[in-house]
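Residues per chain are reported as follows:
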Amino acid sequence: MCSEKYLAIDVGGTAIKYVLTDRSAKIRKINEMKTNRDKEELFNSLDEIIAPHINDISGIALSFPGKIDAEKGIVHTAGAFREISNLSIKSILEAKYLKPVWIENDGKCGALAEFWKGNLSDVKNGVFIGLGTEIAGGIILEGKLYRGSFGSSGEFSSMLNCLENPDNEKRFGKIGGHKNLIEYYGGDKCIGSYEFFEKHQNGDGAAQKALKEYSKMIASGIINIQSILDAEKFCIGGGISAQDALIDEIRQSLHEFIKIKSSEAINEPAIEKCRFGNASGCVGALYNFLIMEKII
C-alpha cells in the first residue's frame, strides 16, 4: 500500500540525516543529528531514530559510507567508521527491530535518488558526484546502478594523479573535498561555506579566485571519469552544490578544457546540481529498499 511508511537514514561522517516517508519520497523536512563515530554510540543514535517509529514503519532504508555488500547488508569498509568494518548491519538491525533492512553506499544512494526522481532520470548513462568531506560517487550505466565486481564502483576519492603513496595529498578526495575550497581562499580558514559564498557574491576577489581554482580541480576529476565512462550527464551533490556559482564555474572549466582538447575523443557532458540536495542519501536509500523488497 502507498500509505506504508519507511524510515530512510543517511549516515554521514558529520551528521545523520533521516526522514519518515512513504514510497513516493515526498519529503518536507530532513531531520538531522550529529554523528558519533564510536560503534556503540552510533548504534545508540540509530536506536534513538528508529525506536520511536518502529510501530509505524514497514522497513528501514540505510545509506552508509564505505564498501557495501548490498545483497548481504555487510559493511566491509566504513570510511571514518572503522569499528563498523565487516559487520552485517542488516542482520543486526533486523534482529533487533524485526523489520526488513536494506543498506547501500552513500554515493550509490545519491546516484539512485537522481536516477529515480531527479536530474539523472532522463539519461541512460550518468554520474553522481557528492562534494563532502571527501568525494562520494555513484554511476548509472545503461539505465542501472553499476556496483562493479566487488561493490567499489564510484570510489572517486581514491583517484590519483601520481603514485607517491596511497594517502598522498593529491588524491581527488583530498583536493576535491569541500574544506579545500576554504584552503584555496587562504584568508580566514575558520569561515564556513555559507560565509565564503556570501563573500564571493559580494565581489571578494580572493573568494572568486578560490572558487575558480577549486572548480578546476572538480572539473579535472570529471574529465578523468568522463574519459572512461562517456556519460551524458554529471549531477553534483553535497551541501555546497546548492550554490549556482559553483555549478557555473565547474561547467565553464570543463567547457574550456574540452574546447582546447576538441580533437580528442572526450565528449562534453551536461553538468547539473542534484535535485534532492542533502536529501539524496535518504531518497536513494529508500529507492534501494523498494527495489530490494521488489515493491517497485
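Definitions and cut-offs
Every chain is numbered on its own, with residues counted from 1 as its sequence reads. Selection of residues for local features in this predicted model requires a pLDDT of at least 70, selection of side-chain atom pairs for listing and counting requires 80 or more, and totals for whole chains, interfaces and linings are taken over all residues. Hydrogens and water are ignored here; the side-chain numbers use all heavy atoms of the structure. Only Phe, Tyr and Trp rings are paired, with Trp represented by its six-membered ring, and only when their centres lie within 6.5 Å; those with planes under 30 degrees apart are stacked, over 60 edge-to-face, the remainder tilted. In DSSP terms, a helix is any run of H or I states spanning at least four residues, a strand is any run of E spanning at least two, and both are numbered starting from the N terminus. Relative accessible area decides the class of each residue, using a 1.4 Å probe on protein chains only: under 20% of the type maximum gives buried, over 50% gives exposed, and in between gives partly exposed. Cation placement over rings: the criterion is NZ of Lys or CZ of Arg within 6 Å of the ring centroid and within 35° of the ring normal. In a helix, the anticipated span is given by 1.5 Å times the number of residues less one. Within this analysis, the arc is defined by the directions that extend from the helix axis to the C-beta atoms. Contact criterion: two residues are considered in contact whenever any of their non-hydrogen atoms come within 4.5 Å of each other. Each salt bridge in this description consists of a side-chain nitrogen of Lys or Arg and a carboxyl oxygen of Asp or Glu lying within 4 Å of one another.

Quick look at the packing of aromatic side chains
Now for step 1: The tally for this structure, following the rule as stated, stands at five aromatic pairs.
Now for step 2: For the pair Tyr185 and Phe196, a centre-to-centre distance of 5.6 Å together with 85° between the ring planes defines the contact as edge-to-face. One end of the pair, Tyr185, is in helix H5 (residues 179–185); the other, Phe196, is in helix H6 (residues 193–201), with eleven residues separating them in the sequence.
Now for step 3: The class for Phe196 is buried, based on a relative accessible area of 0%.
Now for step 4: Here the aromatic rings of Phe196 and Phe197 are separated by 5.2 Å at their centres, their planes lie at 90°, and the arrangement is edge-to-face.
Now for step 5: Here Phe197 falls in the buried class, since its relative accessible area comes to 5%.
Now for step 6: Each residue in the set Tyr185, Phe196 and Phe197 is aromatic and connected to the rest through ring pairs, giving one cluster.
Now for step 7: Sitting over the face of the ring of Trp102, Lys90 holds its NZ or CZ atom 3.6 Å from the ring centroid.
Now for step 8: The side chain of Lys117 reaches across the aromatic face of Trp116, ending 5.0 Å from its centre.

Topic: helix H8 (residues 244–260)
Now for step 1: Between the first and last C-alpha of H8 there are 25 Å, a value that for 17 residues agrees with the 24 Å anticipated at 1.5 Å per step.
Now for step 2: When H8 is considered as a whole, its buried residues turn out to be Leu246, Ile247, Glu249, Ile250, Ser253, Leu254 and Ile258. An end-on view of H8 places all buried positions within 165° of arc, on one side of the element. Structural note: H8 exposes Lys259 and Ile260 on the side pointing more than 90 degrees away from its buried face.
Now for step 3: In this structure, the buried side of H8 is in contact with strand E9 (126–131), H6, helix H7 (205–229), strand E12 (233–237) and strand E13 (270–273).

Looking at unusual backbone geometry
Now for step 1: Here the phi dihedral of Asn86 falls at roughly 65°; this positive angle occurs in a residue that is not glycine.
Now for step 2: Here Asn86 lies in the loop between strand E6 (74–77) and strand E7 (87–88).

Some thoughts on the pattern of salt bridges
Now for step 1: Scanning all chains against the criterion turns up eleven salt bridges.
Now for step 2: Across the salt bridge formed by Glu104 and Arg147, the nearest N and O atoms sit 2.6 Å from each other. Of this pair, Glu104 sits in strand E8 (residues 101–105) while Arg147 sits in the loop between strand E11 (144–145) and helix H4 (172–176), placing them 43 residues apart in sequence.
Now for step 3: Taking the relative accessible area as the measure of exposure, Arg147 reaches 28% and is therefore partly exposed.
Now for step 4: In this structure, Glu134 engages Arg171 in a salt bridge whose closest nitrogen and oxygen atoms are separated by 3.0 Å. You can see Glu134 sitting in the loop between E9 and strand E10 (135–141) and its partner Arg171 sitting in the loop between E11 and H4, a full 37 residues away along the chain.
Now for step 5: Salt bridges sharing common partners tie together Asp122, Lys233 and Glu272.

Any functional reading would require information beyond the geometric quantities listed.
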